[in-house]
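# A closer look at the structure
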Amino acid sequence: MIKIDNIDKWYGDFHVLKSCSLEVERGEVIVICGPSGSGKSTLIKCVNALEPVDSGRIVVEETDVTDKGTKLPLVRARIGMVFQHFELFPHKTVIENLMMGQIKVLRRSQDEARQKAESLLKRVGLSDQADKYPSALSGGQQQRVAIARALAMDPIAMCFDEPTSALDPEMISEVLDVMVELAKEGMTMMVVTHEMGFARKVARRVVFMDQGEVKEIAPTETFFKNPESERAKEFLSKILAH
Amino acid sequence: MGDFDFLVIIESLPFLFDGLLISFQLTFLALLAGLAWGTILAVMRIWGPAPLRWFSAIYVNVFRSIPLILVIFWFYFLVPLLIGRPVGNFTSALIAFSLFEAAYYAEIMRAGLNSVSRGQVYAGLAIGLSPRQNLQYVILPQAFRNMIPVLLTQAIILFQDTSLVYVVALSDFMTSASTVAKVEGRLAEMYLFAALVYFLICFSGSMLVKHLQKKKVA
Ligand SMILES: Nc1ncnc2c1ncn2[C@@H]1O[C@H](COP(=O)(O)OP(=O)(O)OP(=O)(O)O)[C@@H](O)[C@H]1O
Ligand SMILES: [Mg+2]
């Protein structure tokens, strides 16, 4: 469903992604991990063309995202994106955050968009926060709103870039719970995270990135028990130490 | 203080008030037009193709390097020549102020646009907004909101600057006060009164700016 085929990307003369390839099947949850600066965020931004690639192809359900002729807004609308720092629109209320894309991109009516937004807020347990501004919410609540905002576009897949790493520890589980539930419903998900409990619970495979390369792709348990590369072993010993 | 004749102020209040209205109108309209044009210039400067970027940069630097009073004067003669008929001193002054202020608002809005984080830009694009929609619904409202105190400060300066229209004999507040002063021979009273009025208006404006800044920090 998501096919990343041999992509390369440079920031100036810094080679940030080196011949990366990866396929994600429909309904699969894949966790991407790796040391800081290894290119995880960049890779995930390439999937919905928030960052252009220099060579290679990314195809999302028949649509070539890297093709110059592709209408990017509609492709992006169908790939939900959740960021480390939530990135809710601060000048809009929670419910307006959920309605904007539906109205401006999908051309839904106000009523339809509101209904959809309300049902999603209910789903992430935030019905009573609908008319507040994002700044009045806790980090965990903001991230749940951000997930709901992405879901409001009826995405065919969801990408998460370290969705819990900016959160206070006591708020991590409320966000992970929503993500686990999504995974169980069969959503296709690419998740950059170091939450290994989450990976073990829902990810079928783990991708390990290092210095711009996809170093390892392995079934979750295999990766944890028997990582192939030295770099992965080192990395695992560091994060599992916490 | 015995020589002061405050009656002359009271008697000329209706006349002065008309002048004040002109000053306000000029400020308000030039603010709107200057802000709109300035925002376009800022957008061109940041995202435009090279020729538009240069145009915007040159425009801003040229207008910021010539005295406003000259601009007002020029447009008074220039606009009628360009369009082939007289336009009146209010219109020519309004055009001059709008174009001049746009150079300052362009710089303010450029700072405002740059103050919106990259993450916000990504977030708007990620829900499928086109670059233009993203600018309109996500970036500009935040840029504008971040810059409100600075924009207001510039508006206060603009209000003070409108007094320069005396060079084209437009009866704004300053020109009206000056007319009364000369006709009645009451220079001290009228110029003191004019200063007081400008002070009160601009000082209230500054207090408002302070208040808004405090709210933003909190
Ligand atoms: N816009 C940019 N311009 C130049 N270099 C960049 C840019 N964005 C990222 N980089 C660099 O590319 C490298 C990979 O960045 P990326 O954000 O993808 O890493 P990451 O694996 O997500 O790391 P982290 O765990 O810290 O989030 C880093 O060295 C970063 O400094
Ligand atoms: Mg990252």
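The structure reproduced in this document is the subject of the present report. Computed from a predicted model, the values in this text were never measured in an experiment. (Residues numbered from 1 in each chain as written. Chains lettered and ligands numbered in written order. Predicted model: local features only at pLDDT ≥ 70, side-chain atom pairs only at ≥ 80, totals over all residues. Heavy atoms only, no water.)

### Re the overall build of chain A
Helix and strand counts for chain A come out as 9 helices and 10 strands. Against the globule reference of 18 Å for 242 residues, chain A gives a C-alpha radius of gyration of 18 Å, in line with a compact fold. Projecting the C-alpha coordinates of chain A onto the three principal axes gives extents of approximately 55 × 45 × 30 Å. When burial is assessed residue by residue, chain A has 57% of its 242 residues classed as buried. Counted over contacts in chain A with a minimum sequence separation of 6, partners at least 24 positions apart contribute 64%. Put simply, chain A shows about 10,800 Å² of open surface, and 47% of that area lies on carbon and sulfur atoms. The distance from the centre of the 32 positive side-chain charges to the centre of the 36 negative ones in chain A is 2 Å. (Helix = DSSP H or I, 4+ residues; strand = E, 2+ residues; numbered from the N terminus. Rg over C-alpha atoms; globule rule 2.2 N^0.38 Å. Buried < 20%, exposed > 50% of the residue type's maximum accessible area, 1.4 Å probe, protein only. Contact = heavy atoms within 4.5 Å. Areas by Shrake-Rupley, 256 points an atom, 1.4 Å probe, with all protein chains shown as cover. Lys, Arg positive; Asp, Glu negative; His and termini not counted. Charge placed at Lys NZ, Arg CZ, Asp CG, Glu CD.)

### Side note on the overall build of chain B
Check the secondary structure of chain B and you find 9 helices and 0 strands. The order of α-helices and β-strands along chain B, N terminus first, is α-α-α-α-α-α-α-α-α. The principal-axis extent of the C-alpha atoms belonging to chain B is close to 70 × 50 × 25 Å. Taking the intrachain contacts of chain B between residues at least 6 apart in sequence as the baseline, contacts between residues at least 24 apart amount to 78%. Treating the 14 positive side-chain charges of chain B as one cloud and the 10 negative ones as another, the clouds have centres 26 Å apart.

### A closer look at the packing of helix α2 (residues 13–47) of chain B against helix α7 (residues 131–161) of chain B
Residues and elements named next belong to chain B. For the pair α2 and α7, the least separation of the axes is 11 Å and the interaxial angle reads 140 degrees. Relative to α7, α2 is oriented oblique. You can see that α2 and α7 cross each other, and the crossing is right-handed. Facing L20, S23, F24, T27, A30, L31, L35, T39, V43 and W47 of α2, the residues of α7 in contact are L135, I139, L140, F144, L151, A155, L158 and F159. Looking at the contact of α2 with α7 residue by residue, the class counts come to 15 nonpolar, 3 polar and no charged. (Axes fitted to C-alpha atoms, helices over the stretch in contact; angles between N-to-C directions. Parallel < 35°, antiparallel > 145°, perpendicular 65-115°, else oblique. Left-handed = near helix turned anticlockwise from the far one by under 90°. Nonpolar A, V, L, I, M, F, W, Y, C, P; charged D, E, K, R; others polar.)

### Considering unusual backbone geometry
Residues and elements named next belong to chain A. Phi is positive for A49, close to 60 degrees, though the residue is something other than glycine. Topologically, A49 is positioned in the loop between α1 (40–47) and β4 (55–60). For A49, a relative accessible area of 11% translates into the label buried. Not every positive phi belongs to a glycine, and E87 is a case in point at roughly 60 degrees.

### A word on the nonpolar core
One finds I2, I4, I7, L43 and M190 of chain A together with F97 of chain B to be the most contacted residues of the largest nonpolar core, which totals 80 residues. By residue number, the principal contributor to this core is helix α5 (residues 89–115) of chain B, which donates 12 residues. Setting aside chain neighbours within four positions, we find L43 of chain A in contact with I4, I7, L17, C20, L22, I32 and M209 of chain A. Core analysis: the next-biggest nonpolar cluster, separate from the first, contains 55 residues, V82, V124, I147 and I239 of chain A among them. (Core = buried A, V, L, I, M, F, W, Y, C linked by side-chain atoms within 4.5 Å.)

### Observations regarding the packing of α2 of chain B against helix α3 (residues 50–63) of chain B
Residue and element names in this part refer to chain B. The N-to-C vectors of α2 and α3 enclose an angle of 130 degrees; their axes lie 8 Å apart at closest approach. For the element pair α2 / α3, the angle class is oblique. As for the relative orientation of α2 and α3, their crossing is left-handed in sense. Contact with α2, carried on its side by W37, L41, M44 and R45, involves L52, R53, F55, S56, A57 and Y59 of α3 and no other residues of that element. Residues belonging to the contact of α2 with α3 are distributed by class as follows: 7 nonpolar, 1 polar and 2 charged.

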